[in-house]
Number of protein chains: 2
Amino acid sequence: MQAEIITIGDEILIGQIVDTNSAFIAKQLNKIGVSVYQITSVQDEKKHILKALYEAETNADIVILTGGLGPTKDDITKTTIAKYFNDTLIEDVSVRKNIEHLWEVYIKKPITQVNLDQALVPSKAEVLMNKYGSAPGMWIEKNKTVFIVLPGVPYEMKALIDDEVILKLRRQFQFPYILHKTFLTYGLGESTLASRIETFEDELPDFIKLAYLPSLGRVRLRLSAKANDKAMVEAEMDKQTQLLLPLIHDIFVGYEEDLSIEAVIGKQLTQLGKTIATAESCTGGLIAERFTANAGASKYFKGSIVSYTKETKINVLKVSEDLINSHSVVSAEVAEVMAHNARTLLNTDYAIATTGNAGPTKDDTAEDLGIVYIAIATKDSVYSEKFSLGNHRVKVINKAANKAFEMLQKEILKK
Amino acid sequence: MQAEIITIGDEILIGQIVDTNSAFIAKQLNKIGVSVYQITSVQDEKKHILKALYEAETNADIVILTGGLGPTKDDITKTTIAKYFNDTLIEDVSVRKNIEHLWEVYIKKPITQVNLDQALVPSKAEVLMNKYGSAPGMWIEKNKTVFIVLPGVPYEMKALIDDEVILKLRRQFQFPYILHKTFLTYGLGESTLASRIETFEDELPDFIKLAYLPSLGRVRLRLSAKANDKAMVEAEMDKQTQLLLPLIHDIFVGYEEDLSIEAVIGKQLTQLGKTIATAESCTGGLIAERFTANAGASKYFKGSIVSYTKETKINVLKVSEDLINSHSVVSAEVAEVMAHNARTLLNTDYAIATTGNAGPTKDDTAEDLGIVYIAIATKDSVYSEKFSLGNHRVKVINKAANKAFEMLQKEILKK
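Residues numbered from 1 in each chain as written. Chains lettered and ligands numbered in written order. Predicted model: local features only at pLDDT ≥ 70, side-chain atom pairs only at ≥ 80, totals over all residues. Heavy atoms only, no water.

1. What about the overall build of chain A?
No. 1: The secondary structure content of chain A amounts to 16 helices and 17 strands.
No. 2: Principal axes of the C-alpha set define a box for chain A whose edges measure 75 × 65 × 40 Å.
No. 3: Taking all 415 residues of chain A together, 56% fall into the buried category.
No. 4: Here the analysis covers contacts within chain A between residues at least 6 apart in sequence; of these, 66% occur between residues at least 24 apart.
No. 5: Within chain A, the 54 negative side-chain charges are centred at a point lying 2 Å from the centre of the 48 positive side-chain charges. (Helix = DSSP H or I, 4+ residues; strand = E, 2+ residues; numbered from the N terminus. Buried < 20%, exposed > 50% of the residue type's maximum accessible area, 1.4 Å probe, protein only. Contact = heavy atoms within 4.5 Å. Lys, Arg positive; Asp, Glu negative; His and termini not counted. Charge placed at Lys NZ, Arg CZ, Asp CG, Glu CD.)

Encoded structure:
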């Protein structure tokens, strides 16, 4: 079963935005065993969209379009779709109700006619309700091809893919059962690792593929099994896992779920009934922001002291001025006191602290650009690590947050 | 003059990586007046690449391919290109020298034959030297179409575009003049705005396009003009600007430089010599993180108290428990005390506080999902606004941060 993705919007073709939608859609489709044949980005231009639709129909069983469903003049996807299916636009009552509801409850402004016109859909289309916006998703079948039209706003599109499209595709088609298992390994290069497990790889059944996904000092090994018999696939995956684990016991750090590391940590803390706080200097609140981006964070995340100046470290975090002056603000000593004090101040089981030079300038710190100290405080210990994270400000900040999450996860797994 | 971009690689079509290359290439091409007709992503598969090349040649004067130039078996772009031009691969001496140089100076490992094979290029191709890697760029002309083949590694591709491709295109072709002007507006929805300026939009000359770029409570209006006569384009853009401004005088906050609102605020605070702190509940550190993403933030941003639980609001921000119990944690009263206390605690000129229900659940708060109170504290005043920001967690959090920046900018501009 093959799909083609068409993303519509001038802003993509002038390079104003990066098209992240198609990567998300491709990933979700691949998970259920639909391979994506091509991704095509076209302008908000009727002739061009029609051409893309014709070509996609010849290549694919499933065609997913995103973008151009807004209420403004440059959004012509819906009328173009109607033309493609020789159809006319009619008002969908449920969509109109949804729009009126959104405006009444959230937007709290008078509805204009252009808003209400969002309820007009091709008569042949089945509506996929958009909980988060006025532009509905649409599902239209022609001959043997399914056309799925989605808004381009990423969070609206994602919700429709996860809550509607994937489920509906599963109901309608027979997909092979697909099972991915990703082994996270540290400290061995791709080629060395490859030769170590060469025999294992050669002896894999042909419905299980092994992929090496190297990135920044870690290699993810992904086993992907694809077959119709679910029970058989799961049994075989377990068997291969038992064969692989002994071969990588010294570098294996865990299975990778399809979750961010902070979401995994959040789940672990919730299960353990433990809490955490952060004291952030160079990461400037990024660690807190990444924790709280996950629903339910208040169960384990109590808060953060973003102490971006020496003064705040002294006044709010109660780091002694002498300590800062004798070791400089970017030091193991200061990081550890920040972590310890944040943990006691916010009364948590764990605390993470960061202090470093994100750059572009060294300011008055003793350490080089890109040097970051990260400290972890627990009820009975405080320790820190020193990292050198390069000379690109945004990279340093984000790498520091990642390192902090990795240190924290190691600490939690000790228990 | 039209271009088409083809990005090659299975990893794009399984959604493992987001294709950022084409956005970069599209942006650079648009700057010199080349509009991108289509962006197509295809698998590492000979037949498919050839098909994409044939279609691109019929649509475009310039075809830019990236990806699939690596030394491994799955990189087949070069042999496929040779086939497309009925050409053979021959060794390019300058590329071989470059590879030997790279290995000697940077890689410091013995060169293997696969490395040296990177010096093989189609005999019809003009080489674009890759300073950063072993895969050269290639420039091949067929009939009236120019084909430019570039490595997929972003920094190698970017250097080749900036140092070679754009200059060579400018030397070879006469491009129309392109002018973009982006108007940043706040506080009016896309559709309301659209109906307000409908007549203006209808009366635009054909060579000027208007685009609406909405994102989380703000709408950017982009006028794009394209014609051969530079003076005429600039005059007409000025004229249209004078027609548009009166229509949006109440929501227009400035022309978009490449600066975010927090970067603009940062510049203003630095100029005024003023400082700021934040007390964040529902935004969870996002406001602090956005301030500190900008270099030099320590000049004006002293820090943040991310008080994600009632306990932290009481213990760290010193909000009285009675106040929270009588008004609930999501209330104007609590927001204002948070802002006031953060300002005094961190000793700043301004403080912003946020408290609200980002969802997905209401928890024990009195207010509806999506209700956020944002307070601003100055040396002589504290006030707050209530916002209803919808029902999508990530959207509520990000909109709240944007609203906070908008309130703050208004406050700063009062001075």
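There's plenty left to go through after this.
2. Some points on helix α11 (residues 261-272) of chain A
All names here are of chain A.
No. 1: For α11, spanning 12 residues, the distance from its first C-alpha to its last is 16 Å, which sits close to the expected 16 Å at 1.5 Å a residue.
No. 2: All of the buried residues along α11 are E262, A263, V264, I265, G266, Q268 and L269.
No. 3: Buried-residue contacts for α11 involve β13 (276-280), α12 (286-292), β15 (350-356) and α16 (393-414).
No. 4: After α11 finishes, the residue G273 shows a positive phi value of roughly 65°. (Expected span 1.5 Å × (residues − 1).)

3. A closer look at the packing of aromatic side chains
No. 1: The tally for this structure, following the rule as stated, stands at 26 aromatic pairs over all chains.
No. 2: Clustering of aromatic rings is evident, with ring pairs tying together F291(A), Y300(A), F301(A), F405(A) and Y308(B).
No. 3: Directly above the aromatic system of F24(B) lies the positively charged group of K158(B), at a separation of 5.3 Å from the ring centroid.
No. 4: Note that K168(B) overlies the ring of W139(B), its terminal NZ or CZ placed 4.5 Å from the centroid. (Phe/Tyr/Trp six-rings, centres within 6.5 Å; stacked < 30°, edge-to-face > 60°. Lys NZ or Arg CZ within 6 Å of the ring centre and 35° of its normal.)

4. Some remarks on a nonpolar patch on the surface
No. 1: There is a patch of nonpolar side chains on the surface, built from V105(B), Y106(B) and I107(B) and spanning about 280 Å² of accessible area.
No. 2: Looking at the secondary structure, you find I107(B) in helix α5 (residues 93-107). (Patch = residues over 30% accessible without salt bridge, like charges linked within 9 Å, V, L, I, M, F, W, Y side chains within 5 Å. Areas by Shrake-Rupley, 256 points an atom, 1.4 Å probe, with all protein chains shown as cover. Salt bridge = Lys/Arg side-chain N within 4 Å of Asp/Glu carboxyl O.)

5. Examining the sheet that holds strand β7 (residues 137-142) of chain B
No. 1: Strand order in the open sheet formed by 12 strands is β6(A)-β7(A)-β8(A)-β3(A)-β1(A)-β2(A)-β2(B)-β1(B)-β3(B)-β8(B)-β7(B)-β6(B), with mixed pairing between adjacent strands. The two strands at the open ends of the sheet, each matched to only one other strand, are β6 (126-128) of chain A together with β6 (126-128) of chain B. Ignoring strand direction, the axes of neighbouring strands in this sheet form an average angle of 20°.
No. 2: Here 5 bridges tie strand β1 (residues 2-8) of chain A to strand β3 (residues 62-66) of chain A, and the two strands are oriented parallel to one another. Opposite E4(A), over in β3(A), you have V63(A) as the bridge partner.
No. 3: Along the sheet, helix α3 (residues 46-59) of chain A makes contact with β1, β2 (35-42), β3, β7 (137-142) and β8 (145-150) of chain A together with β2 (35-42) of chain B, crossing β1(A) at roughly 170°. (Pairing = 2+ DSSP bridges. Axes fitted to C-alpha atoms, helices over the stretch in contact; angles between N-to-C directions.)

6. Brief notes about the packing of helix α11 (residues 261-272) of chain B against helix α16 (residues 393-414) of chain B
All names here are of chain B.
No. 1: Interaxial distance between α11 and α16 falls to 10 Å at its minimum, and their mutual angle equals 30°. Of the possible angle classes, the one that applies to α11 and α16 is roughly parallel. You can see that α11 and α16 cross each other, and the crossing is left-handed. In this structure, α11 uses I261, E262, V264, I265, Q268, L269 and L272 to contact α16, whose residues at the interface are F405, E406, L408, Q409, I412 and L413.
No. 2: For the contact of α11 with α16, a count of residues per class yields 9 nonpolar, 2 polar and 2 charged. (Parallel < 35°, antiparallel > 145°, perpendicular 65-115°, else oblique. Left-handed = near helix turned anticlockwise from the far one by under 90°. Nonpolar A, V, L, I, M, F, W, Y, C, P; charged D, E, K, R; others polar.)

7. Some thoughts on the environment of S41(B)
No. 1: Mapped onto the elements, S41(B) comes out in strand β2.
No. 2: Judged by relative accessible area, S41(B) falls into the buried class, the value being 4%.
No. 3: Spatially, the C-alpha atoms of S41(B) and V329(B) are 49 Å apart, while their sequence positions differ by 288 residues.
No. 4: If near-sequence neighbours (up to four positions away) are discounted, S41(B) is found in contact with Y37(A), Q38(A), I39(A), T7(B), I12(B), L13(B) and D19(B).
No. 5: Of the polar contacts made by the side chain of S41(B), one reaches the side chain of T7(B); its length is 2.7 Å. (Polar contact = N/O pair within 3.5 Å; in protein donor to acceptor, adjacent residues only side chain to side chain.)

8. Points about the interface of chain A and chain B
No. 1: Counting residues at the interface gives 75 residues for chain A, matched by 78 residues for chain B.
No. 2: In total, chain A and chain B occlude about 6,200 Å² of area from one another, counting both sides; carbon and sulfur atoms represent 53% of this.
No. 3: For the interface between chain A and chain B, the tally reads 3 salt bridges.
No. 4: In this structure, E311(B) and K302(A) form a salt bridge, with 2.8 Å as the shortest nitrogen-oxygen distance. (Buried area = accessible area lost by both parts, 1.4 Å probe.)

9. Digging into empty space enclosed by the protein
Here the idea is plain: a probe the size of a water molecule rolls over the atoms and shows the empty space left.
No. 1: Counted under the stated rule, the structure contains 3 cavities of 30 Å³ or more.
No. 2: In this structure, the largest cavity is lined by 18 residues; those nearest its centre are D19(A), S22(A), S41(A), D19(B) and S22(B).
No. 3: Among the elements of the structure, α2 (21-31) and β2 of chain A together with α2 (21-31) and β2 of chain B are those that each provide at least two residues to the lining of the largest cavity.
No. 4: Each residue belonging to the lining of the largest cavity can be placed in one class, and the counts come to 10 nonpolar, 6 polar and 2 charged. (1 Å grid on protein atoms, 1.4 Å probe; cavity = no way out; pocket = protein on both sides within 12 Å on 5 of 7 lines; lining within 4 Å. Points joined across faces, edges and corners; volume = space filled by probe spheres on them.)

10. Topic: unusual backbone geometry
Residue and element names in this part refer to chain B.
No. 1: Residues other than glycine seldom take positive phi values, yet N86 does so here, at roughly 45°.
No. 2: Within the element layout of this structure, N86 appears in the loop between α4 (77-84) and β4 (89-91).
No. 3: In this structure N86 comes out as exposed when scored by relative accessible area, which is 69%.

11. Considering the pattern of salt bridges
Residue and element names in this part refer to chain A.
No. 1: Tallying each qualifying case throughout the model produces 29 salt bridges over all chains.
No. 2: Note that K239 and E236 form a salt bridge whose closest N and O atoms lie 3.8 Å from each other. Placement of both K239 and E236 in helix α10 (residues 230-248) is noted, with a separation of 3 residues, approximately one turn of the helix.
No. 3: Residue classification places K239 among the partly exposed residues on the basis of a relative accessible area of 47%.
No. 4: Taken together, the shared-partner salt bridges in this structure form one network comprising E91, R96 and E100.

12. Some words on the sheet that holds strand β9 (residues 177-186) of chain B
Residues and elements named next belong to chain B.
No. 1: The strand order across the open sheet formed by 4 strands is β10-β11-β9-β12, and the pairing between neighbours is antiparallel. Only two strands of the sheet have a single neighbouring strand rather than two, namely β10 (208-215) and β12 (252-255). Adjacent strand axes in the sheet meet at a mean angle of 20° when their direction is disregarded.
No. 2: Bridge count for β9 against β12 is 3 bridges, and the pairing is antiparallel. Among the inter-strand pairings, L184 is bridged to a residue of β12, identified as G254.

13. What about the side chain of S331(B)?
No. 1: Relative to the helices and strands, S331(B) is located in the loop between α14 (321-327) and α15 (332-346).
No. 2: Excluding anything up to four places from it in sequence, S331(B) contacts T355(B) and Y373(B).

Interpretation note: all reported values are geometric properties and have no functional meaning in isolation.
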